[in-house]
Amino acid sequence: MKAVSCVRSTLEVVDLPSPRPEEGQLVLDVLRCGICGSDLHAKDHADELTDVFVEGGYHDFMRSDTSVVMGHEFCGRVAERGRKVGKEFTPGTTVVSFPLRRAGGGVHLIGLSPLTPGAYAEQVVTEAALTFAVPNGLDPAIAALTEPMSVALHAVRRSEITTKDVAIVLGCGPVGLAVICHLKARGIATIVASDYSPGRRALATRCGADIVVDPAVGDPYEAVPAKKRGLTELPALYELAVGSMEKLRRIPGWSHVYRIADKLGGTAPKRPVIFECVGVPGMIDGIIRAAPLASRVIVVGVCMGEDRIRPAMAIGKELDLRFVFGQTPLEYRDTLHMLADGKLDASALVTGTVGLGGVAAAFEALGDPETHAKILIDPSNSAAAP
């Protein structure tokens, strides 16, 4: 079969043996595969990522000097079943799959380990237990977005955001756009999106952002409507505390009133839920400096290098800092059905398609934020450029 190999930062179409399924596995004919931001980074900085995973106990992440077939955001058609695979996966069934697979005595990341080749290829192997039939005739191009969209669902769920909260999304690349899509689907009334790129700001509007900001000329925190804007300086919090107590102490049994108000959330200052979707050094500390008091910060963007923050500032503002990664199989399944049922619209993310011979050109094109958001690979397509 044809596949795209990555070794020493070079992408090249190669011939590989057609895969065979082990027990409980499927071989899929790839219909579409998305190019992920982690693929872009792994192409040129695989060894840095490997060092991080080794510290976490995983030793089989891709390395720069070892050929790897990337691709973990895919939709395919069942071509062959291994032993003990259920009848729901008859050949010809269109499916998507959570990107983990057994191989070499362990479980590995599909498309990010030499032990489990990914879907930059004509065929890919998946675990039947982690594979889901695509319902409602969903377009394979949209079904292939199940993986990145489920990552965004995980981030939004971990944020515990409610419809009363304001959401601020910093960075409108594919991750930020996916987060905006889920926030819109969840009914969040005020979504502020911030990005330097005019093209990405336009896509953010299409995905459901209510307010878009160019951070070169505006402040996303100041863009929040005044009635929903939180406190940004500590003296304002001190004044609120003293002023509130001056009023409360005039009420007999004030502590009971305070306790009830506290339980109902009436004593906390207004604060946004902030999604950091950029992932470059300095972003987290910049948020700590600028965010309103008591903000909840969800770190979705993956910063590959070392970074520094000032804990005292975060403590003084009592910020809630949460880091998120990946998704659960249930979130993956639920995202697929949200897309298929029309409850989640991710169509704005797909901006181009290439064949296997156009993958290198697609990687180059994705370096320009004004041109593309998500490029899909179609192995049956002959396009050499998106």
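- The chain is annotated in an unreviewed UniProt entry as Zinc-binding dehydrogenase of Mycolicibacterium iranicum.
- As stated in UniProt under Sequence similarities (unreviewed entry), the record for the chain gives "Belongs to the zinc-containing alcohol dehydrogenase family."
- Within the UniProt record for the chain, the comment given under Cofactor (unreviewed entry) is "Zn(2+)".

1. Considerations on the overall build of the chain
At step 1: The number of helices and strands found in the chain is 11 helices and 17 strands.
At step 2: For 386 residues, the compact-globule formula gives about 21 Å, and the C-alpha radius of gyration of the chain, at 23 Å, lands near that figure.
At step 3: When its C-alpha atoms are laid out on the principal axes, the chain stretches across 80 × 40 × 40 Å.
At step 4: Counting all 386 residues of the chain, 48% fall into the buried class.
At step 5: Accessible surface, the chain as shown: approximately 18100 Å² in total, 54% of it carbon and sulfur.
At step 6: Mean positive and mean negative side-chain charge positions of the chain (40 and 45 charges, respectively) differ by 9 Å.

2. Section: the packing of aromatic side chains
At step 1: A complete count under the given rule lists 5 aromatic pairs for this structure.
At step 2: Residues F53 and Y58 carry aromatic rings whose centres are separated by 6.1 Å and whose planes lie at 70° to one another, so their mutual orientation is edge-to-face.
At step 3: In this structure F53 comes out as partly exposed when scored by relative accessible area, which is 23%.
At step 4: Here Y58 falls in the buried class, since its relative accessible area comes to 16%.

3. Focus: the UniProt feature "domain: Alcohol dehydrogenase-like N-terminal" (unreviewed entry) in the chain
At step 1: Residues given the UniProt feature "domain: Alcohol dehydrogenase-like N-terminal" (unreviewed entry) here are residues 23-135.
At step 2: Summarising residues 23-135: 17% helix, 35% strand, and an end-to-end C-alpha distance of 25 Å.

4. Notes on helix α3 (residues 146-159)
At step 1: When the terminal C-alpha atoms of α3 are compared, their 20 Å separation across 14 residues agrees well with the 20 Å that a helix rising 1.5 Å per residue should span.
At step 2: With 11 of 14 residues buried, α3 is to be regarded as a mostly interior element.
At step 3: Of all the residues in α3, the buried ones are T146, E147, P148, M149, S150, A152, L153, H154, A155, V156 and S159.
At step 4: Backbone geometry just downstream of α3 places E160 in the positive-phi region, at approximately 55°.

5. Section: a nonpolar patch on the surface
At step 1: Where nonpolar side chains cluster on the molecular surface, the patch consists of I309, L321 and F323 and spans about 260 Å² of accessible area.
At step 2: On the secondary structure map, L321 appears in strand β15 (residues 320-323).

6. Quick notes on a negative patch on the surface
At step 1: A cluster of acidic residues, D47, E48, D51, E55 and D65, forms a negative patch on the protein surface.
At step 2: With respect to the helices and strands, D51 occurs in helix α1 (residues 37-55).

7. Overview of the pairing of strand β17 (residues 374-377)
At step 1: Covered by surrounding structure in β17 are K374 and L376 together with I375 and I377, the residues of both alternating faces.
At step 2: Where strand β3 (residues 25-34) and β17 come together, 2 bridges link them in antiparallel fashion. Note on β17: the bridge partner recorded for C33 is I377.
At step 3: Relative to β17, strand β16 (residues 350-354) runs parallel, the two being bridged by 4 bridges. Each bridged residue has a counterpart across the sheet, and for V350 the counterpart in β17 is K374.
At step 4: You can see the chain leave β16, run along helix α11 (residues 359-365) and come back into β17, and the turn it takes is right-handed.

8. With respect to the packing of α3 against helix α4 (residues 174-186)
At step 1: For the pair α3 and α4, the least separation of the axes is 8 Å and the interaxial angle reads 60°. When the axis of α3 is compared with that of α4, the two are oblique. When you trace α3 past α4, the crossing you get is right-handed. Each of P148, M149, A152, L153, V156 and R157 in α3 lies in contact with α4, whose residues at this interface are A178, V179, C181, H182, L183 and R186.
At step 2: A breakdown of the residues in the contact of α3 with α4 according to their chemical character gives 9 nonpolar, 1 polar and 2 charged.

9. A few points about unusual backbone geometry
At step 1: Not every positive phi belongs to a glycine, and R8 is a case in point at roughly 50°.
At step 2: Here R8 lies in the loop between β1 (2-7) and β2 (10-15).
At step 3: Here R8 falls in the exposed class, since its relative accessible area comes to 61%.
At step 4: Here the phi dihedral of S9 falls at roughly 65°; this positive angle occurs in a residue that is not glycine.
At step 5: Structurally, the position occupied by S9 is in the loop between β1 and β2.

10. Some thoughts on the nonpolar core
At step 1: Counting residues in hydrophobic clusters, the biggest one holds 51 residues, and the most contacted among them are I180, L183 and F275.
At step 2: Counting residues per element, the ones that place at least two in this core are α2 (140-143), α3, β10 (166-170), α4, β11 (190-194), α5 (198-207), β13 (273-276) and α10 (329-340).
At step 3: For F275, the contacting residues outside a window of four places in its chain are A155, V156, S159, I161, A167, I168, V169, L170, V179, L183, I298 and V300.
At step 4: Ranked by size, the runner-up nonpolar core spans 40 residues in total, among them V4, L26, V78 and F89.

Rules behind the numbers
Residues numbered from 1 in each chain as written. Predicted model: local features only at pLDDT ≥ 70, side-chain atom pairs only at ≥ 80, totals over all residues. Heavy atoms only, no water. UniProt positions renumbered as here; feature names shortened; annotations may be inferred. Helix = DSSP H or I, 4+ residues; strand = E, 2+ residues; numbered from the N terminus. Rg over C-alpha atoms; globule rule 2.2 N^0.38 Å. Buried < 20%, exposed > 50% of the residue type's maximum accessible area, 1.4 Å probe, protein only. Areas by Shrake-Rupley, 256 points an atom, 1.4 Å probe, with all protein chains shown as cover. Lys, Arg positive; Asp, Glu negative; His and termini not counted. Charge placed at Lys NZ, Arg CZ, Asp CG, Glu CD. Phe/Tyr/Trp six-rings, centres within 6.5 Å; stacked < 30°, edge-to-face > 60°. Expected span 1.5 Å × (residues − 1). Patch = residues over 30% accessible without salt bridge, like charges linked within 9 Å, V, L, I, M, F, W, Y side chains within 5 Å. Salt bridge = Lys/Arg side-chain N within 4 Å of Asp/Glu carboxyl O. Pairing = 2+ DSSP bridges. Right-handed = clockwise from strand over helix to strand, strands pointing away. Axes fitted to C-alpha atoms, helices over the stretch in contact; angles between N-to-C directions. Parallel < 35°, antiparallel > 145°, perpendicular 65-115°, else oblique. Left-handed = near helix turned anticlockwise from the far one by under 90°. Contact = heavy atoms within 4.5 Å. Nonpolar A, V, L, I, M, F, W, Y, C, P; charged D, E, K, R; others polar. Core = buried A, V, L, I, M, F, W, Y, C linked by side-chain atoms within 4.5 Å.

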